[in-house]
Amino acid sequence: VQLQASGGGLVQTGDSLRLSCTTSGLTFRSYTMGWFRQAPGKEREFVAAIKWSGDSKPYADSVKGRFAISRDNAKNTLYLQMNSLKPEDTAVYYCAAGRRVITSSMGTAQAYDYWGQGTQVTVSS
């Protein structure tokens, strides 16, 4: 199983970025997918997730209204559209896949089985 996150970069406050996570070796449409991030000196935190069916999309309060998670099951790819970026969004962003993630655990890193290598997002003020 491989998850490859991409799309990060250096942007200014207020800019937008779209992260992608391409997957292989798993039945993508059967997996709940999530985005997490880790800033220097901080623990990994939940950003957003999307149920395998697409009907549940929880977000962290800090990104609600600015970020949008989506998936393309035909392309085995997960996306994170990030708008109105702020310096506090600076972190390494990781995508994750979980086969049996219950709704109440979608924001819990331990619920996911596979992780990508991360992509750096840096937002300058």
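All values reported here derive from a predicted model rather than from experimental measurement.

About the criteria used
Counting restarts for each chain, with residues numbered from 1 along the sequence as it is written. Only residues with pLDDT of 70 or above have their local features reported here, since the model is predicted, and side-chain atom pairs are shown and tallied only from 80 upward, although totals for entire chains, interfaces and linings are computed over all residues. Side-chain measures here rest on the full set of heavy atoms in the structure, leaving out hydrogens and waters. Segments assigned H or I by DSSP are reported as helices when at least four residues long, segments assigned E as strands when at least two residues long, and all are numbered from the N terminus. Between buried and exposed lies partly exposed: a residue is buried under 20% and exposed over 50% of the maximum accessible area for its type, with that area taken using a 1.4 Å probe on protein chains only. Salt bridge criterion: a side-chain nitrogen from Lys or Arg within 4 Å of a carboxyl oxygen from Asp or Glu. A pair of sulfur atoms, both from cysteines and within 2.5 Å, is called a disulfide here.

## Notes on the environment of K75
Its place among the elements puts K75 in the loop between β6 (67–72) and β7 (77–82). Classification of K75 as exposed rests on a relative accessible area of 56%.

## Quick word on the pattern of salt bridges
Considering all chains together, one arrives at four salt bridges under this definition. As a salt-bridge pair, D89 and R37 come within 2.9 Å of each other at their nearest N and O atoms. Highlighted residues: D89 in the loop between β7 and β8 (91–98) and R37 in strand β4 (residues 32–38), separated in sequence by 52 residues. Since its relative accessible area comes to 0%, D89 is described here as buried. Salt-bridge contacts for K64 lead to D61; the nearest nitrogen and oxygen are separated by 3.0 Å. D61 gets classed as exposed once you look at its relative accessible area, which sits at 66%. Bridged by salt links that share partners, the residues R37, E45, R66 and D89 form one connected network.

## A few points about the state of the cysteines
Across all of its chains, the model carries one disulfide by this definition. Note on cysteine connectivity: C21 is disulfide-linked to C95, with sulfurs 2.2 Å apart. Given an S-S torsion of about 65°, the disulfide between C21 and C95 has right-handed geometry. Of this pair, C21 sits in strand β3 (residues 17–24) while C95 sits in strand β8, and the two are 74 residues apart along the sequence. Overall, C21 belongs to the buried group, its relative accessible area being 0%. C95 gets classed as buried once you look at its relative accessible area, which sits at 0%.

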